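This is what each chain is made of:
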Amino acid sequence: MENVKTTIENEAQYDWAMKRIDELLPCVNDETPDDDPNSIELYLLSRLVQEYEDVHYPIGTPTLVGVLKLRMYEMGLSQAALAKKIGVSPSRICDFLSGKAEPTLQVGRRISTELKIDPAIVLGV
């Protein structure tokens, strides 16, 4: 029996798999049967790529600072506008963004509600 690789072992193989996935995507849609060769190949390559990415490109847990900055950008809020929105001083926002302080539970609730940020991120859990 031939020695068959079951994982992507390096960047060259990963790059090839990503290119092949891009080629297969237009050939497969929700109506494509599960036994279609393109569908099978796309499924298998996607699983291999996901396993490789989990090891080599892990996505970390988002931090409150990172999510606050992103949400401020998305909502077009300055630090002063954010402070007004959640009812704290602009200097307090500066402390949150620099990591010098964490919000109280009451302020955390307002951050979660007003900015639609997952409470787990606000609480750091």
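Here goes a summary of the coordinates provided. Being a predicted model, the structure only gives us computed values, none of them experimental.

Digging into the overall build of the protein chain
Turning to step 1, where the next piece is worked out: If you tally the helices and strands in the protein chain, you get 7 helices and 0 strands.
Turning to step 2, where the next piece is worked out: In sequence order, the secondary structure elements of the protein chain are arranged as α-α-α-α-α-α-α.
Turning to step 3, where the next piece is worked out: Expected size for 125 residues packed as a compact globule is a radius of gyration near 14 Å; at 22 Å, the protein chain overshoots this value by more than 25%.
Turning to step 4, where the next piece is worked out: Across its three principal directions, the C-alpha atoms of the protein chain cover 70 × 30 × 20 Å.
Turning to step 5, where the next piece is worked out: Counting over 125 residues, the protein chain shows a buried share of 27%.
Turning to step 6, where the next piece is worked out: Considering only residue pairs separated by 6 or more positions, the protein chain has 50% of its internal contacts joining residues 24 or more positions apart.
Turning to step 7, where the next piece is worked out: If the 13 positive side-chain charges of the protein chain are averaged to one point and the 20 negative ones to another, these points end up 19 Å apart.

Concerning the pattern of salt bridges
Turning to step 1, where the next piece is worked out: Per the stated rule, a full pass over the model turns up 5 salt bridges.
Turning to step 2, where the next piece is worked out: Arg92 serves as the salt-bridge partner of Asp95, at 3.4 Å between the closest nitrogen and oxygen. Of this pair, Asp95 and Arg92 both sit in helix 5 (residues 90-98), 3 residues apart, roughly one helical turn.
Turning to step 3, where the next piece is worked out: By relative accessible area, which is 32% here, Arg92 ends up partly exposed.

So, the side chain of Ser112
Turning to step 1, where the next piece is worked out: With respect to the secondary-structure elements, Ser112 resides in helix 6 (residues 105-115).
Turning to step 2, where the next piece is worked out: Owing to a relative accessible area of 16%, Ser112 belongs among the buried residues under this scheme.
Turning to step 3, where the next piece is worked out: Of note is the side chain of Ser112, whose polar atom sits 2.7 Å from the backbone oxygen of Ile117.
Turning to step 4, where the next piece is worked out: When residues no more than four places from it in sequence are discounted, the contact partners of Ser112 are Ile117, Asp118, Pro119 and Val122.

Some points on the side chain of Thr32
Turning to step 1, where the next piece is worked out: Examined against the element boundaries, Thr32 turns out to sit in the loop between helix 1 (11-24) and helix 2 (37-56).
Turning to step 2, where the next piece is worked out: With relative accessibility at 17%, the residue Thr32 sits in the buried group.
Turning to step 3, where the next piece is worked out: A distance of 2.8 Å separates a polar side-chain atom of Thr32 from the backbone nitrogen of Asn29.
Turning to step 4, where the next piece is worked out: Other than its neighbours up to four places away in sequence, Thr32 contacts Cys27 and Ser39.

Examining the layout of surface pockets
Turning to step 1, where the next piece is worked out: In this structure, the largest pocket spans a volume of roughly 260 Å³.
Turning to step 2, where the next piece is worked out: Lining the largest pocket are 19 residues, with Leu64, Glu102, Ile121, Val122 and Gly124 sitting closest to its centre.
Turning to step 3, where the next piece is worked out: Those elements that place two or more of their residues in the lining of the largest pocket are helix 3 (64-75), helix 6 and helix 7 (119-123).
Turning to step 4, where the next piece is worked out: In terms of residue count, helix 7 provides more of the lining of the largest pocket than any other element does, 4 residues in total.
Turning to step 5, where the next piece is worked out: A class-by-class count of the residues in the lining of the largest pocket yields 12 nonpolar, 6 polar and 1 charged.

What to know about helix 5
Turning to step 1, where the next piece is worked out: Inspection of helix 5 places Ile93, Phe96 and Leu97 among the buried residues, and these make up the whole buried set. One side of helix 5 holds all its buried residues, which, seen down the axis, span an arc of 95°.
Turning to step 2, where the next piece is worked out: In the segment just after helix 5, Gly99 is the residue with positive phi, at about 85°.

Calculation rules
- Residues numbered from 1 in each chain as written.
- Predicted model: local features only at pLDDT ≥ 70, side-chain atom pairs only at ≥ 80, totals over all residues.
- Heavy atoms only, no water.
- Helix = DSSP H or I, 4+ residues; strand = E, 2+ residues; numbered from the N terminus.
- Rg over C-alpha atoms; globule rule 2.2 N^0.38 Å.
- Buried < 20%, exposed > 50% of the residue type's maximum accessible area, 1.4 Å probe, protein only.
- Contact = heavy atoms within 4.5 Å.
- Lys, Arg positive; Asp, Glu negative; His and termini not counted.
- Charge placed at Lys NZ, Arg CZ, Asp CG, Glu CD.
- Salt bridge = Lys/Arg side-chain N within 4 Å of Asp/Glu carboxyl O.
- Polar contact = N/O pair within 3.5 Å; in protein donor to acceptor, adjacent residues only side chain to side chain.
- 1 Å grid on protein atoms, 1.4 Å probe; cavity = no way out; pocket = protein on both sides within 12 Å on 5 of 7 lines; lining within 4 Å.
- Points joined across faces, edges and corners; volume = space filled by probe spheres on them.
- Nonpolar A, V, L, I, M, F, W, Y, C, P; charged D, E, K, R; others polar.
- Arc of directions from axis to C-beta.

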